[in-house]
Amino acid sequence: MKRAAAIVLSNPMSLAGVILIALVVSSAVFADLVAPFPSHRGAVVDFANFNQPPSWPNIMGTDLVGRDLFSRILYAYRISLILGIVVLLLAVPAGVVVGLAAGYIGGRTRFILMRTTDVFLSIPPLVLAMSIMGVLEPTLANGMMAVTAMWWPWYSRLVFNITLAEKEEGYVLAAELIGASRIHVMFREILPNCFPAIITKMTLDLGFVILIASSLSFLGLGVQPPTPDLGSMVAQGASYLPDSWWLTVFPGLAILVAVFGFNLLGDALRDVLGGDQ
Amino acid sequence: MTRILKATMTGMAFAALAVAAEAGGTLRLDEVAVGELDPALATDYADSMLMFNVYDTLVLPRQGGPGHVPHLAESWEGSGTSFTFSLRSDVSFQSGNPLTADDVVFSYERMVGLGRGLSYLFGLVESVEAVDGDTVRFNLSQPYAPFVASLVRLPIVDKKLVMENLGEGEGDMKDWGKAFLSANGAGTGAYAVKSHNPQEETVMVRNDNYFLGISEKAPDTVRLRYGLEAATVRTLLAQGEHDISSQWIPPEVKKALADDGMQLLTESGTGAFYFKLNTTRPPLDDVNCRKALAKSFDYASVLKLIAITDNVSGGSASTGAIPVGMFGANPAGQNLARDIEAARSHLAQCKYDPAEFTVEISWIAEVPLEERLALLMQANLAEVGIKSSIKKVPWALFTEMVSKPENTPNVSQIFVTAVTGDPDTLLYGMYHSSAAGTWQSPEYLSDTEVDAHLEAGRTGASEADRQEAYAALNTRLMEVTASIYGFDRQSVFAANPRIKVPALSDPAKAFGLDGMGFSFRLIEME
């Protein structure tokens, strides 16, 4: 732990990542306390005060129906983080199991699992998610499903490659010699050695999941109004550039901060855990 | 930040002066894609702009007042079920072919034969015959008061040219020249099509042989571009690389352009903005629930939202079911207003429990203003205890959804205009039970009293009769509350001040017909 702290502190970029993410996560968690206008996350309109540039008390200005942008961005972080975490919690185990099984068992299993993975990988991610969302109702749950469907193959690829290398290692052969079951070898011997790579990738991916979810809602396929969402905020403001610049600049910056922060944090974790991409 | 942007803009404006001087005789505009060039398929605003310039009609709306004046026709006589038109003898098509009565007959037959676009306007025409070379007679199956008005939607096409260019198809008329006319012009109009790509751009050039002559000041070339983003139009206009915006850019963008010295052009009096309530599905099949919605809605806030400058707005207060100025309308000033108490009492009488339903409010993806109107409606309904959800629907999907009542949203937001300027073409298509299930009529209203008033309105022998019928219709529509009447619409365009468009800036020159203000021959470039 001390070593980890030392590594992070010695690298200013890692430190920046930790700070940014601490900021993002705490604004999402404490949105109710921090947001100056908590009711503005919902169905509120205030046409006496719409489309106003940043000023006190609306430090990031107001949107097209008079809601405080700063408050909405805080709540949008909450949605984005929930979405990112849920997607990864679903996608990672699925991808890991597929990758482990394909890599360790090999043969026909490997062929079927990895070719299926390849099929998913061959479809451009946004197109896949868009077609799923196009068929289903655009809701938060379906959005998560759509992004999950395009995310797991990357983990099966990653784990598959590691497994191929690890299964020739001495400790695996030793376990096999004393008669350990396949399940034991896969999950107790090989999997722990995949963790550094998986965790690093998860941290990096959290930013990208947020980005993809924003792209989906930019296209009108994500979270539906009045729920605040960074992607749809950018989309809504785009028609009003350059005059009402705050409508797009602040939500855009918010996306940037989250994605950038998770990237830096991912790099920092890689240094700490010694995993490599 | 604002200052930096402003400084950049000013820099652009200087660069623009040079460009503007060079452009001289080219008028540059934009509209929503697609631009349908075939006049028999023309329905929306972009199509109308093309049609009114490439083609001419027998009559034109009188500028600055009600009624119609002869145009390709020299004069007409008749009433009831028979109308005879004498054609001008000095008109030739852009191809050089002279205009004859046969062309008029052919244009009617082609419109009805294809059966698309606004061909329904001629449903009561039984036959059209060429009496001689320059006289043509229309026979109607029953009196139809707005018949002459509907002729502004019968563009006259060059029969000889079309017959020489028939494409693949079944029957004698093959494709009625559809393939040819969707890419080429075949009219008598003041502007001829030079190139046409329905998704990108139509370029038109002045027709120097136009029968009325064209002022020197009118543009030599017109470039109509499709599908530009609001932010693009805003920048191009500020740079002097664009001349007139479409009406669809948001009010804030128009305001910013006005602040930059652009002029605002307006066109009004032909339509309104509606929240259309699906009367066939719970909970809005109960009139009290519909009234609860109508009374909850904050009509005054909408006016704030659509205001552009102190003097120009995207609309004016609605006074009832018929836009101010049309037959049967309530006078300006008797504005609809929010009444929360009334809304609550209607809701209490509704047979559905508000705890158990959610009203689905849709908005058209191409019209960003509607998202805000949906949010306003949602907040208004929340105040009286009605839950609602908001759904964004692209236009193409919406027109498909409304063909079945069970797929039609509870609340749909639509702008509708009278395609001929006559109230019949606004109201019949929305409320007659036989017309249910189009994008104009997602109410699926079926009310015998409404039907009767609509019939009386279209067959009324005198203006007084029509006035009476439409006034009764107005009252009845407010009782059944099939729609919420948001506001009377005014189309607003931001334009470079060097362009003079009298038909869109001087009420005495206004046509009272959507799109006709863009008769390029009447536009002056300075």
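Remember, it's a predicted structure, so these values are computed and weren't measured experimentally. (Residues numbered from 1 in each chain as written. Chains lettered and ligands numbered in written order. Predicted model: local features only at pLDDT ≥ 70, side-chain atom pairs only at ≥ 80, totals over all residues.)

Structural notes on the overall build of chain A
When helices and strands are counted, chain A shows 11 helices and zero strands. Counting across all 277 residues of chain A, residues that qualify as buried make up 47%. (Helix = DSSP H or I, 4+ residues; strand = E, 2+ residues; numbered from the N terminus. Buried ≥ 20, exposed ≤ 12 C-beta atoms within 10 Å, placed from the backbone.)

Some thoughts on the overall build of chain B
Counting its secondary structure elements, chain B contains 17 helices and 18 strands. Radius of gyration (C-alpha) of chain B: 24 Å, near the 24 Å computed for a compact globule of 526 residues. Each principal axis of the C-alpha distribution contributes one length, and for chain B these read about 70 × 65 × 45 Å. (Rg over C-alpha atoms; globule rule 2.2 N^0.38 Å.)

Considerations on the packing of helix α2 (residues 12-29) of chain A against helix α11 (residues 246-273) of chain A
All names here are of chain A. For the pair α2 and α11, the least separation of the axes is 7 Å and the interaxial angle reads 130 degrees. The angle between the axes of α2 and α11 places the two elements in the oblique class. Handedness of the α2/α11 crossing: left-handed. Contacts from Met 13, Ser 14, Ala 16, Gly 17, Val 18, Leu 20, Ile 21 and Val 24 in α2 reach Val 257, Ala 258, Phe 260, Gly 261, Phe 262, Leu 264, Leu 265, Asp 267, Ala 268 and Asp 271 in α11. Among the residues making up the contact of α2 with α11, the classes are represented as 13 nonpolar, three polar and two charged. (Axes fitted to C-alpha atoms, helices over the stretch in contact; angles between N-to-C directions. Parallel < 35°, antiparallel > 145°, perpendicular 65-115°, else oblique. Left-handed = near helix turned anticlockwise from the far one by under 90°. Contact = placed C-beta atoms within 7 Å. Nonpolar A, V, L, I, M, F, W, Y, C, P; charged D, E, K, R; others polar.)

Regarding the sheet that holds strand β4 (residues 73-79) of chain B
Residue and element names in this part refer to chain B. Here we have four strands laid out as an open sheet, ordered β4-β5-β7-β6, and antiparallel in their pairing. A single partner strand is all that each edge strand has here, and the edge strands are β4 and β6 (125-132). Mean inter-strand twist for the sheet, computed between neighbouring axes without regard to direction, equals 15 degrees. As defined by bridge partners, β6 adjoins strand β7 (residues 135-140) across six bridges and the pair is classed as antiparallel. Across the sheet, Ala 130 pairs through a bridge with Val 136, a residue of β7. (Pairing = 2+ DSSP bridges.)

Concerning helix α2 (residues 45-54) of chain B
All names here are of chain B. Here α2 lies mainly inside the structure; 10 of its 10 residues are buried. Restricting attention to buried positions, one finds in α2 the residues Tyr 45, Ala 46, Asp 47, Ser 48, Met 49, Leu 50, Met 51, Phe 52, Asn 53 and Val 54. On its buried face, α2 sits against β1 (26-31), β8 (191-197), β9 (201-206) and β10 (221-226).

Regarding the interface of chain A and chain B
Listed as interface residues are 21 residues of chain A and, on the opposing side, 25 residues of chain B. When its residues are assigned to classes, the side of chain A that touches chain B shows 14 nonpolar, six polar and one charged.

Concerning the nonpolar core
Judged by nonpolar contacts, the single largest core of 233 residues is most densely connected at Ile73(A), Val147(A), Tyr155(A) and Val209(A). Looking at this core element by element, the count peaks at 20 residues for helix α4 (residues 69-105) of chain A. Summarising the domain contributions, this core has at least three residues from each of domain 1 (29-228 + 496-525) and domain 2 (268-490) of chain B. Here Val209(A) is in contact with Leu83(A), Gly84(A), Val87(A), Leu88(A), Val147(A) and Trp151(A), once residues within four sequence places are set aside. (Core = buried A, V, L, I, M, F, W, Y, C linked by C-beta atoms within 7 Å. Domains from an automatic or database assignment.)

Some details on the environment of Tyr470(B)
Note on placement: Tyr470(B) falls in helix α16 (residues 463-480). When the C-alpha positions of Tyr470(B) and Glu455(B) are compared, they lie 9.9 Å apart, and in sequence the two are 15 residues distant.

Comments concerning the environment of Glu109(B)
With respect to the secondary-structure elements, Glu109(B) resides in helix α3 (residues 101-114). Linking Glu109(B) and Val128(B), residues 19 residues apart in sequence, is a C-alpha distance of 8.2 Å.

Here's the deal with the domain arrangement of chain B
All names here are of chain B. Here chain B is described as being made up of domain 1 (29-228 + 496-525) and domain 2 (268-490). A separation of 31 Å is found between the C-alpha centroids of domain 1 and domain 2. With 16 residues of domain 1 in contact, the opposing surface of domain 2 contributes 14 residues. When the residues that make up the side of domain 1 that touches domain 2 are grouped by side-chain class, the tally is 11 nonpolar, three polar and two charged.

Points about the sheet that holds β10(B)
All names here are of chain B. If you trace the four strands from one edge of the open sheet to the other, you get β1-β10-β9-β8, paired in mixed fashion. Looking at the sheet topology across the chains shown, the edges are occupied by β1 and β8. Between one strand and the next, the sheet's axes are offset by a mean angle of 20 degrees, whatever the strand orientation. By the bridge criterion, five bridges tie β9 to β10 in an arrangement that is antiparallel.

Quick look at the environment of Val172(A)
Residues and elements named next belong to chain A. Turning to its location among the elements, Val 172 is positioned in helix α8 (residues 170-177). Assessed through the 19 C-beta atoms surrounding it within 10 Å, Val 172 is described here as partly exposed. Sequence separation between Val 172 and Pro 12 is 160 residues, and the spatial gap between their C-alpha atoms is 39 Å. In this structure, Val 172 is in contact with Glu 166, Lys 167, Val 185, Glu 189 and Ile 190, ignoring residues within four places of it in sequence.

Description of the pairing of β9(B)
All names here are of chain B. Summarising the sheet, β8 and β9 pair through six bridges and their orientation is antiparallel. Opposite Asn 197, over in β9, you have Glu 201 as the bridge partner. Between β8 and the antiparallel strand that follows it, β9, lie three residues.

Quick notes on the packing of helix α9 (residues 287-296) of chain B against helix α12 (residues 369-384) of chain B
How two helices sit against one another is set out by the angle between their axes and by the gap between those axes. Residue and element names in this part refer to chain B. Interaxial distance between α9 and α12 falls to 9 Å at its minimum, and their mutual angle equals 115 degrees. Relative to α12, the element α9 is oriented roughly perpendicular. Between α9 and α12 lies a crossing of right-handed hand. Taking contact as the criterion, the partners of Ala 292, Leu 293 and Ser 296 in α9 are, on α12, Asn 380, Leu 381, Glu 383 and Val 384.

Topic: the confidence of the model for chain B
Residue and element names in this part refer to chain B. The share of residues in chain B with pLDDT of 70 or more is 95%, and the mean pLDDT across the chain is 91. Under a pLDDT of 50 for its full length, residues 5-24 has, in the predicted model, 16 contacts with residues more than four places off or in other chains. Two summary scores accompany this predicted model of the complex, namely pTM at 0.81 and ipTM at 0.72. (pLDDT = per-residue confidence, 0-100.)

Focus on unusual backbone geometry
Leave glycine aside and you will find that most residues have negative phi; peptide bonds, for their part, are mostly trans. Residue and element names in this part refer to chain B. Residue Val 34 is reached from Ala 33 by a cis peptide bond, and omega for that bond is 0 degrees. Relative to the helices and strands, Val 34 is located in the loop between β1 and α2. The linkage connecting Pro 282 with the following residue, Pro 283, adopts the cis geometry, with an omega of 0 degrees. If you check the backbone angles, Lys 174 has positive phi at about 45 degrees while not being a glycine. Along the polypeptide, Lys 174 turns up in the loop between α5 (159-164) and α6 (178-181). Positive phi outside glycine occurs at Thr 481, with the angle close to 45 degrees. By the element assignment, Thr 481 lies in the loop between α16 and β16 (483-495).

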